[in-house]
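Fold and geometry: a report
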Amino acid sequence: MFLDLTDNSNHSVYSYLVGGISPRPIAWVSTLSEKGVANIAPYSFFTVASCNPPVLSVTQVNPRDNANKDTLNNLLATKECVVNIVSHSLVDQMNQSCANYPRDVSEFDAANIQRTPSQLVSVPSAAASKVRYECKLREVITISDEPSGGQMMLLDVVGIFLDDTVLVNGYIDPTRLDAVGKMGGDYFSTTKDKFALKRPQL
């Protein structure tokens, strides 16, 4: 099968994108609404955009009703968030937090997620997350306003929390972090199985 996306027909490509581009790291993004309601939600369109300066990229795929999700609304209002990394022990709470709760309900409370104050932003962090990136909004780039279109949130990292239990010689040990990734459909992956390859020297 080959899909020609240049013929202007309305192909539904979502499943082919998320099924083939996997596993994807998960940004568990906590924000605060203008009314002070703490929100936390997972996003798997997530990566590092720059190391100097340190910038993360998180993309909202627009819902069918084309309304912004709470995370983006909150980020536009307060300009702050925390990207919490999801270890395997947190997957159930992470999954529960993506339910479609009303805007005035905090996912921290609904999913029984313990929160902790952040250092440099007013947004709370997920206390059990072993790596947390405190961020300020750099900009939002709208790829498309249409349903399933993308809005890319570029986030300046202003501080990083590292739990001592995941560090070995000052570096994050992937086995100790035990992060999970998102695959297609309802599938997730772990990072327990790993191998090393040295970069070739020419």
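Within each chain, residue numbers correspond to sequence positions counted from 1 in written order. Selection of residues for local features in this predicted model requires a pLDDT of at least 70, selection of side-chain atom pairs for listing and counting requires 80 or more, and totals for whole chains, interfaces and linings are taken over all residues. As a rule here, side-chain values come from all non-hydrogen atoms in the structure, and water together with hydrogens is ignored.

Operational definition: UniProt positions are given in the numbering used here, feature names are shortened, and annotations may be inferred rather than shown by experiment.
As recorded by an unreviewed UniProt entry, the protein chain carries the name Flavin reductase like domain-containing protein and is attributed to Pseudoalteromonas issachenkonii. In its Cofactor (unreviewed entry) section, the UniProt entry covering the protein chain states "FMN".

**Some details on the overall build of the protein chain**
Rules: Only DSSP runs of H or I reaching four residues or more are called helices, and only runs of E reaching two or more are called strands; each is numbered from the N terminus. Note that the radius of gyration is over C-alpha atoms, with the globule rule given as 2.2 Å times the number of residues to the power 0.38. Three exposure classes are used, based on accessible area relative to the maximum for each residue type with a 1.4 Å probe and protein chains only: buried under 20%, partly exposed in between, and exposed over 50%. The Shrake-Rupley method, run with a 1.4 Å probe sphere, supplies the accessible areas, and residue values consider only the shown protein chains as cover.
On a plain count of helices and strands, the protein chain comes out with 5 helices and 14 strands. Relative to the globule expectation of 17 Å for 202 residues, the C-alpha radius of gyration of the protein chain, 18 Å, shows essentially globular dimensions. Across its three principal directions, the C-alpha atoms of the protein chain cover 55 × 50 × 35 Å. Considering the protein chain as a whole, with its 202 residues, one finds that 38% of them fall into the buried category. Just so you have it, the protein chain exposes about 12,300 Å², and 52% of that area is on carbon and sulfur atoms.

**Quick notes on unusual backbone geometry**
Residue S22 is joined to P23 through a cis peptide bond whose omega torsion reads 0 degrees. With respect to the helices, strands and loops of the structure, P23 is situated in the loop between α1 (14-20) and β1 (24-25). Cis geometry is found at the peptide bond from N52 to P53, where omega equals 5 degrees. Following the sequence through the fold, P53 ends up in the loop between β4 (46-51) and β5 (54-61). A positive phi angle is found at K79, which is not glycine, with a value near 70 degrees. One can find K79 in the loop between α2 (70-78) and β6 (80-85). Non-glycine residue N112 carries a positive phi angle of around 55 degrees. Within the secondary structure, N112 is located in the loop between α4 (107-110) and β7 (115-116). A relative accessible area of 63% means that N112 is categorised as exposed.

**Side note on a nonpolar patch on the surface**
Rules: Patch building starts from residues that exceed 30% relative accessible area and form no salt bridge, then joins like charges within 9 Å and nonpolar side chains (Val, Leu, Ile, Met, Phe, Trp, Tyr) within 5 Å. Here, a salt bridge means any side-chain nitrogen of Lys or Arg that lies within 4 Å of a carboxyl oxygen of Asp or Glu.
Together, I160, L162 and I172 make up an exposed nonpolar region whose accessible area comes to about 240 Å². Among the secondary structure elements, I160 is positioned in strand β10 (residues 150-162).

**Describing the sheet that holds strand β3 (residues 38-43)**
Basically, it comes down to this: Whether two strands pair depends on DSSP finding at least two bridges between them. Geometry is summarised by axes, namely lines fitted to C-alpha atoms with helices restricted to the contacting stretch, and by angles between N-to-C directions that run from 0 to 180 degrees.
Pairing in this open sheet of 7 strands is antiparallel, and the strands run β3-β2-β6-β9-β10-β5-β4 from one edge to the other. The strands lining the two open edges of the sheet, one partner per strand, are β3 and β4. Within the sheet, the average angular offset between the axes of one strand and its neighbour, ignoring direction, is 35 degrees.

**A word on the nonpolar core**
This is how the line gets drawn: Think of a nonpolar core as a cluster: buried Ala, Val, Leu, Ile, Met, Phe, Trp, Tyr and Cys residues, connected wherever their side-chain atoms sit within 4.5 Å. Whether two residues are in contact is decided by their heavy atoms, any of which lying within 4.5 Å being enough.
Formed by 22 residues in total, the largest nonpolar core has its most connected members in L56, V58, V83, Y133, C135 and L155. Among the secondary structure elements, those contributing two or more residues to this core are β2 (27-32), β3, β5, α2, β6, β9 (131-142) and β10. With 4 residues, β9 is the largest single contributor of residues to this core. Setting aside its immediate chain neighbours within four residues, Y133 contacts L56, C81, V82, V83, I85, V157, G159 and I160. Core analysis: the next-biggest nonpolar cluster, separate from the first, contains 17 residues, V82, V86, I113 and V123 among them.

**Quick notes on the packing of aromatic side chains**
Between two aromatic rings, the relevant description is the distance of the centres plus the angle of the planes. Note the following rule: Ring pairs shown here join Phe, Tyr and Trp side chains whose ring centres sit within 6.5 Å, with only the six-membered ring taken for Trp; geometry is labelled stacked below 30 degrees between planes, edge-to-face above 60, and tilted in between. Whether a charge lies above a ring is judged from NZ of Lys or CZ of Arg, which has to be within 6 Å of the ring centre and within 35 degrees of the ring normal.
All chains considered together, the criterion is met by 0 aromatic pairs. When the ring centre of F161 is taken as reference, the NZ or CZ atom of R132 above it lies at 3.8 Å. When the ring centre of F188 is taken as origin, the NZ or CZ atom of K182, which lies over that ring, is 5.0 Å away.

**Focus on the side chain of S30**
Put simply, the test is: Contacts described as polar in this section are N or O atom pairs within 3.5 Å, which, within protein, must combine one atom able to donate a hydrogen with one able to accept it, while residues neighboring in sequence count only if both atoms come from side chains.
The residue S30 is located in strand β2 in this model. A polar side-chain atom of S30 sits 2.8 Å from the main-chain carbonyl oxygen of P124.

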